[in-house]
Amino acid sequence: MSSEDIPAPDRFQWWCELTGKDTAPSMISSPNAADFRATLTMAELGPVQLSVHAAPEFRALRTAALVRRSDPERYGISLITANDLWIAQHDRDCRLDAGDLLLHDTSQPFDSRVFSGVGPGRAVMLHTPKSALPLRPERLNRLLAHRLPGDVGMNAILARFLRSVAGAVVRGEVSEPEMRRLGEVALDLAAAALAAQVDAEDRLAPETRRRALVSRIETFIELNLGDPDLTPGVIAAHHHISLGYLHRLFQPRELTVTAWIRHLRLERCRADLADLRLRLRLVHAIGARWGFRNPADFSRAFRAAYGMPPGDYRRQALASAATGEAREVDAASTTR
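A few points on the structure. (Residues numbered from 1 in each chain as written. Predicted model: local features only at pLDDT ≥ 70, side-chain atom pairs only at ≥ 80, totals over all residues. Heavy atoms only, no water.)

1. Concerning the pattern of salt bridges
- On inspection of all chains with the given rule, the structure shows 22 salt bridges.
- The salt bridge involving R147 is made with D100; its shortest N-O contact spans 2.9 Å. Here D100 lies in strand β8 (residues 100-105) and R147 lies in the loop between α3 (137-140) and β11 (148-149), a separation of 47 residues in the sequence.
- A relative accessible area of 5% places D100 in the buried class.
- A single network of salt bridges, built from pairs that share partners, joins D188, E207, R210 and R211. (Salt bridge = Lys/Arg side-chain N within 4 Å of Asp/Glu carboxyl O. Helix = DSSP H or I, 4+ residues; strand = E, 2+ residues; numbered from the N terminus. Buried < 20%, exposed > 50% of the residue type's maximum accessible area, 1.4 Å probe, protein only.)

2. Re the packing of helix α9 (residues 257-273) against helix α11 (residues 295-306)
- Between α9 and α11, the shortest axis-to-axis distance is 11 Å and the interhelical angle comes to 90°. For the element pair α9 / α11, the angle class is roughly perpendicular. Between α9 and α11, the residues in contact are L266, E267, C269, R270 and L273 and F298, A301, F302, A305 and Y306, respectively.
- Of the residues assigned to the contact of α9 with α11, the class counts are 8 nonpolar, no polar and 2 charged. (Axes fitted to C-alpha atoms, helices over the stretch in contact; angles between N-to-C directions. Parallel < 35°, antiparallel > 145°, perpendicular 65-115°, else oblique. Contact = heavy atoms within 4.5 Å. Nonpolar A, V, L, I, M, F, W, Y, C, P; charged D, E, K, R; others polar.)

3. Comments concerning the packing of aromatic side chains
- Under the defined criterion, the tally for this structure stands at 10 aromatic pairs.
- Plain terms: the ring middles of W15 and F58 are 5.9 Å apart, the flat faces sit at 70° to each other, and that makes the pair edge-to-face. Separated by 43 residues along the polypeptide, W15 in helix α1 (residues 11-22) and F58 in strand β4 (residues 58-62) bring together distant segments of the chain. For the pair W15 and F58, a shared accessibility class is recorded, and that class is buried.
- An aromatic cluster is built from F292, F298, F302, Y306 and Y313, whose rings are joined through pairwise contacts.
- Seen from the ring of Y75, K130 lies directly overhead, with NZ or CZ sitting 5.3 Å from the centre. (Phe/Tyr/Trp six-rings, centres within 6.5 Å; stacked < 30°, edge-to-face > 60°. Lys NZ or Arg CZ within 6 Å of the ring centre and 35° of its normal.)

4. Quick notes on the packing of helix α4 (residues 153-170) against helix α5 (residues 176-197)
- Closest axis-to-axis distance for the α4/α5 pair is 9 Å, and the angle between their directions is 155°. Comparing their axes, α5 and α4 come out roughly antiparallel. When the axes of α4 and α5 are compared, the crossing they make is left-handed. From α4, M154, N155, I157, L158, F161 and V165 reach across to α5, where they touch L182, V185, A186, L189, A190, A192, A193 and Q197.
- Taken together, the residues of the contact of α4 with α5 sort by class into 12 nonpolar, 2 polar and no charged. (Left-handed = near helix turned anticlockwise from the far one by under 90°.)

Now the structure itself:
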């Protein structure tokens, strides 16, 4: 939803009503109220709700009176993706930068401000019922109005997941059957990230811990695909689990750990081979970039997966891309 579809004088009120429903009723003010240009995308993901915000500078004040009047009893976990945000809650305050995570509680008053910068302030917010998190409120109170860096540990995995899901939701790429599954994963990752912050991993259900561990393993693999020494043994040792347990974690999948690593490497290679910007890079160098030490092994694996050698695939892909660019240029020139 975009304020561009609303007459300029009504845009700010539209935004206030939407965010009141999305987060919790609050008093909102903005120096841009006369022509408030903002977008909001919301999605119900089973046990949680996801929202993607983009808005100019504004202040949101949730008073004790508003809490008494209406409280959805939810936690909001926000990933700041552009510009800064300041918030005060539970007798403390902090300022967050892009990339940081934040926890807020709808049952307690807060004061927050999104600052203007280059473009609107942007955030992805995960709303979860308090009852869905297996962590006591007095523990989570320690995290309110507290900067949670989004580039370390489980925080980084949660932040990466939120970015990915938000992008897919905004682009309309998530089907109804996938909504609940994504919400369950988001809830597990959020619980694991928050539990790690307050040393309460023992409070998580075994299935939540298992799914969080799988997510950590997946992220580790994706970040280390270029290492030719990435093996199941290395992965198991890094995560302090046995090799047998690692294989059991992957049993529900169609691919073994080794086969999944090979699949991801080949997909990265295929994308690079079709990239016009990398057309001068040697084929075997692309294979080496993604962990294939031996050019012959890379060629055999690529042919087995895609039905042709990597060199032939590149020629076809680049020719198709060049034809597409030429058509775009012709179309642009005929409209002038």
